[in-house]
Amino acid sequence: MLVNATAMLKSAEKGHYAIGAFNTNNLEWASSILDAAEELQSPVIIQCTSGAAKWQGSYKVCADIVKQLVEDKGITVPVALHLDHGTYEDVFKCIEAGFTSVMYDGSHEASFEINLERTAEVVKAAHAKGISVEAEVGGIGGVEDGVASKGELADPEQCKAIADLGVDFLACGIGNIHGIYPDNWEGLSFERLGEIKALTGDLPLVLHGGTGIPVEQINKAITLGICKLNINTDLQLAFAKATRAYIEAGKDLDGKGYDPRKLLKPGRDAIKDRTKELMLQFGSDGKGWN
Ligand SMILES: [Zn+2]
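Residues numbered from 1 in each chain as written. Predicted model: local features only at pLDDT ≥ 70, side-chain atom pairs only at ≥ 80, totals over all residues.

Where an unreviewed UniProt entry is consulted, the protein appears under the name Class II fructose-1,6-bisphosphate aldolase, with the organism given as Candidatus Olsenella pullistercoris.

Next up, the structure:
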């Protein structure tokens, strides 16, 4: 069932578990993620960046694929379709396209005041249509769709100011970065996470760049208030590894092994298996209707 992400994240905040927000790239991704969620009876967020929407054709194509899969596969668990790192303009395109949740990433705007002002406008427009809103304070390191930032720690007072606008969940930099973590990465700042949580109360907090953070640190972050974990690179690596194994074993040259339904199947299965592992790690399994 396609819903917004508010209720599922509130339940996660109360229950001290987290919901995976998995990035989709195409039909293979969306289908595998939905199968994993249904098998484990886990709520799930499927999210799409502007780059992945362009790859698929448009936000509308992405929304229609996810909506129709949910319906035709008879998915019973709550599924939110979320815009990941949207600009102000992207947000309105996604509201139009049928997304049930949006992230307005105002952390790259010229000033915090612009972020604040535009987040308020997004909250008003999205809530009028029952769509949930994620906002961001401070940059998150690494590169996502060509947008880089220094990975600063979010300012707790700024987090409170954004929270007070009525956003449904908030992304805040706590030392996390997008992509693969460098060897000299210093780890998450639990001190900063605690300071932010103290000022934002029961607002669900979001951890971006979930790939490659040691499991103990993820678990600790969940106990301290992280309710949404963004997963992108992890599933890309799982897909690439399985596809590489198929080709290196020469299976694409064996009979009709070149058939895309055979060629893509190992990667598709790998996405589903890895998504299930992560859902079990985050504790969202069996929480479909909590
Ligand atoms: Zn992100």
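Now that the structure has been shown, the text picks up again.
Student: Help me out: how do you make sense of the overall build of the protein in this one?
Tutor: Regarding its fold elements, the protein presents 12 helices and 10 strands. For 290 residues, the compact-globule estimate of 2.2 N^0.38 gives 19 Å, and the C-alpha radius of gyration of the protein, at 18 Å, lies within 12% of that figure. Projecting the C-alpha coordinates of the protein onto the three principal axes gives extents of approximately 60 × 45 × 35 Å. Counting every position in the protein, which comprises 290 residues, the buried fraction comes to 46%. Nonlocal contacts in the protein, meaning residues at least 24 apart in sequence, comprise 71% of its contacts between residues at least 6 apart. (Helix = DSSP H or I, 4+ residues; strand = E, 2+ residues; numbered from the N terminus. Rg over C-alpha atoms; globule rule 2.2 N^0.38 Å. Buried ≥ 20, exposed ≤ 12 C-beta atoms within 10 Å, placed from the backbone. Contact = placed C-beta atoms within 7 Å.)

Student: Is there a simple way to think about the UniProt feature "binding site: Zn(2+) 2" (unreviewed entry) in the protein in this case?
Tutor: Under the local residue numbering, the UniProt record ascribes the feature "binding site: Zn(2+) 2" (unreviewed entry) to Asp-105 and Glu-136. Sequence-wise these annotated residues cover 32 residues; spatially they are packed, their C-alpha atoms never more than 5.3 Å apart. Filtering out sequence-adjacent residues up to four positions away, Asp-105 remains in contact with His-85, Gly-86 and Glu-136. Inspection of the secondary structure puts Glu-136 in strand 5 (residues 132-137). Setting aside anything within four residues of it in sequence, one finds Glu-136 in contact with Asp-105, Gly-106, Ser-107 and Ala-171. (UniProt positions renumbered as here; feature names shortened; annotations may be inferred.)

Student: Explain the packing of helix 5 (residues 88-97) against helix 6 (residues 112-127) to me, please; I cannot follow it from the model alone.
Tutor: Packing of helix 5 against helix 6 brings their axes to within 11 Å, and their N-to-C directions diverge by 5°. Regarding the angle of helix 5 to helix 6, the classification is roughly parallel. Contacts between helix 5 and helix 6 involve Tyr-88, Val-91, Phe-92 and Ile-95 from the former and Arg-118, Val-122, Ala-125 and Ala-126 from the latter. The residue inventory of the contact of helix 5 with helix 6, partitioned by class, reads 7 nonpolar, no polar and 1 charged. (Axes fitted to C-alpha atoms, helices over the stretch in contact; angles between N-to-C directions. Parallel < 35°, antiparallel > 145°, perpendicular 65-115°, else oblique. Nonpolar A, V, L, I, M, F, W, Y, C, P; charged D, E, K, R; others polar.)

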